[in-house]
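As a plain string of letters, each chain reads:
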Amino acid sequence: MINIVKIEDIINKDNMVYIDVRSPNEYKIDTIPGAINMPILTNEEREEIGYIYKQIDAEKAKVLGLEYASKKLVDFYSLANKIKKNGKEIVLFCYRGGMRSKSVAKVLDAMGLNVFLIEGGYKSYRRYVLKTLEEYDNKIKFIVLHGYTGTGKTKILTLLERRGEPVLNLEYLAQNSGSVFGNIYFKEESSTQKKFDSMLLKKLKEVKNNYMFVESESKRIGKVVIHDFLYDDITNGYHILIKTSLDNRIKNIIDEYVNIQDYNEELIIESINKLKKRLGYNKVEELIKQVKMRNFDYVVKELMVEYYDPLYKYSIDKVGHFDKIIEYRNISEAVDELIDFAKNTVLRGDAK
């Protein structure tokens, strides 16, 4: 039996396995979080069929599409049967809920496997995401972390999340740090706006209390733009300034970019080279020389003093008033103070 359902009626149900039958390129741009990609057509096949459909003959395109799809039906059935044996329900979707997902659904139905089919496909899911995101306006009070480079803001978010605190890591969702060194920290390609929105909604849905920790960001992070309502809510949240010693800051950066399994000297040098206009040719050449000598304390300190601190000073000064200033020796102290602030100030509803 094929059950055609609206995305709103199924998206929050447990026990569902989503199968995205669109091409890998479509899936890469965005999909329902956790969905499995089982493309009925490869990228190349979809492009070829699209050309034939529009430029040559629609019927010929349909026949070719059927030929390509038929070769994959055994794999579809094997996957669907495995999902069913694990006690899960199958939810199929393509771009508009049209030929691609319906053809797979009919085959699985003929083989005795009941499936759900999303009415309107991915397009209806995308409309649902945008509509639902807006419903979070003024729903969450954000605790916003500020501080110079190396104060460990991202690390603090990670430690907070490990302790069960609600965290919104915008850089992680965007797969971009907004820094010339972002290609070192994030190995994957920057997120698309659509994928960012999907993952953002998933994170917002997880919030059980009325607060969330977040790092201060500009409105644009890499390729994505933070929605106006979210940016305004973050701006109007509680603002915490994180401070620590210069030695701690240097250590944090070295731990983050150097003391890692896939340390890549070439990428670091490539990133430093991008700063020639700001720092000058001689300074950049000296920094590269020190990288090759593995004198990272010197390199990090120079980059902080000459480049990052002046940039961050402007954004920090713009805040004007901080609800709390945390200066730590051990980063766990900062985490403890932030949790205490959330419980005793935010949850208590103290006016700013």
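Residues numbered from 1 in each chain as written. Predicted model: local features only at pLDDT ≥ 70, side-chain atom pairs only at ≥ 80, totals over all residues. Heavy atoms only, no water.

A. Spotlight on the UniProt feature "domain: Rhodanese" (unreviewed entry) in the chain. Within this numbering scheme, the UniProt entry marks residues 12–134 as carrying the feature "domain: Rhodanese" (unreviewed entry). Overall, residues 12–134 shows 59% helix and 13% strand. The separation of its end C-alpha atoms is 17 Å. (UniProt positions renumbered as here; feature names shortened; annotations may be inferred. Helix = DSSP H or I, 4+ residues; strand = E, 2+ residues; numbered from the N terminus.)

B. Local environment of helix α14 (residues 265–273). Inspection of α14 places I268, I269, S271 and I272 among the buried residues, and these make up the whole buried set. The buried residues of α14 all sit within an arc of 160° when viewed along its axis, so they share a single face. Between the side-chain oxygen at the start of α14 and the backbone nitrogen of E266 there is a gap of 3.0 Å, and the oxygen is on N264. (Buried < 20%, exposed > 50% of the residue type's maximum accessible area, 1.4 Å probe, protein only. Arc of directions from axis to C-beta. Polar contact = N/O pair within 3.5 Å; in protein donor to acceptor, adjacent residues only side chain to side chain.)

C. Molecular detail of the sheet that holds strand β2 (residues 16–20). Pairing is parallel across the open sheet formed by five strands, whose spatial order is β1-β5-β4-β2-β3. Two strands lie at the open edges of the sheet, namely β1 (2–5) and β3 (36–37), each paired on one side alone. Alignment of β2 against strand β4 (residues 89–93), held across five bridges, turns out to be parallel. Within β4, the residue paired with Y18 across the bridge is V91. Sitting on the sheet, helix α5 (residues 73–85) touches β2, β3 and β4, and the angle it makes with β4 is about 140°. (Pairing = 2+ DSSP bridges. Contact = heavy atoms within 4.5 Å. Axes fitted to C-alpha atoms, helices over the stretch in contact; angles between N-to-C directions.)

D. Geometry of the packing of helix α16 (residues 281–292) against helix α17 (residues 296–319). The N-to-C vectors of α16 and α17 enclose an angle of 150°; their axes lie 8 Å apart at closest approach. Here α16 lies roughly antiparallel to α17, going by the angle between them. Considering the relative orientation of α16 and α17, their crossing is left-handed. Residues K283, E286, L287, Q290 and V291 of α16 lie in contact with α17, whose contacting residues are F296, Y298, V299, E302 and L303. Of the residues assigned to the contact of α16 with α17, the class counts are six nonpolar, one polar and three charged. (Parallel < 35°, antiparallel > 145°, perpendicular 65-115°, else oblique. Left-handed = near helix turned anticlockwise from the far one by under 90°. Nonpolar A, V, L, I, M, F, W, Y, C, P; charged D, E, K, R; others polar.)

E. Fine view of the environment of I242. One can find I242 in strand β11 (residues 238–244). C-alpha separation for the pair I242 and L145, spaced 97 residues apart in sequence, amounts to 6.7 Å. Excluding its chain neighbours within four sequence positions, the residues that come into contact with I242 are L145, H146, G147, T151, I156, I326, Y328 and L338.

F. How the structure looks around the packing of aromatic side chains. Following the criterion strictly, the structure yields six aromatic pairs and no others. Residues Y211 and F213 carry aromatic rings whose centres are separated by 5.8 Å and whose planes lie at 85° to one another, so their mutual orientation is edge-to-face. The exposure classification of Y211 matches that of F213, with both residues buried. The interplanar angle of 50° and the centroid separation of 6.4 Å between the aromatic rings of Y308 and Y312 together place this pair among those described as tilted. A residue pair is termed a helical-turn pair when its members lie 3 or 4 positions apart in one helix, as Y308 and Y312 do in helix α17 at four residues. Taking relative accessible area as the criterion, Y312 reaches 27% and is therefore assigned partly exposed. A cation sits over an aromatic face here: K139 above Y136, 5.8 Å from the ring centre. (Phe/Tyr/Trp six-rings, centres within 6.5 Å; stacked < 30°, edge-to-face > 60°. Lys NZ or Arg CZ within 6 Å of the ring centre and 35° of its normal.)

G. Inspection of the nonpolar core at higher detail. In terms of nonpolar packing, the biggest core is built from 38 residues, with Y18, I32, F142, L168, L170 and L230 touching the most fellow members. The dominant element in this core, judged by the number of residues it contributes, is helix α7 (residues 121–134), at five residues. Both domains that furnish three or more residues to this core are identified here as domain 1 (2–131) and domain 2 (138–346). With residues up to four places along the chain from it excluded, the contact list for L168 reads F142, L157, L173, L200, K203, M212, F213, V214, E215 and L230. Grouped together as the second largest cluster of nonpolar side chains are 25 residues, I19, I40, A69 and L113 included. (Core = buried A, V, L, I, M, F, W, Y, C linked by side-chain atoms within 4.5 Å. Domains from an automatic or database assignment.)

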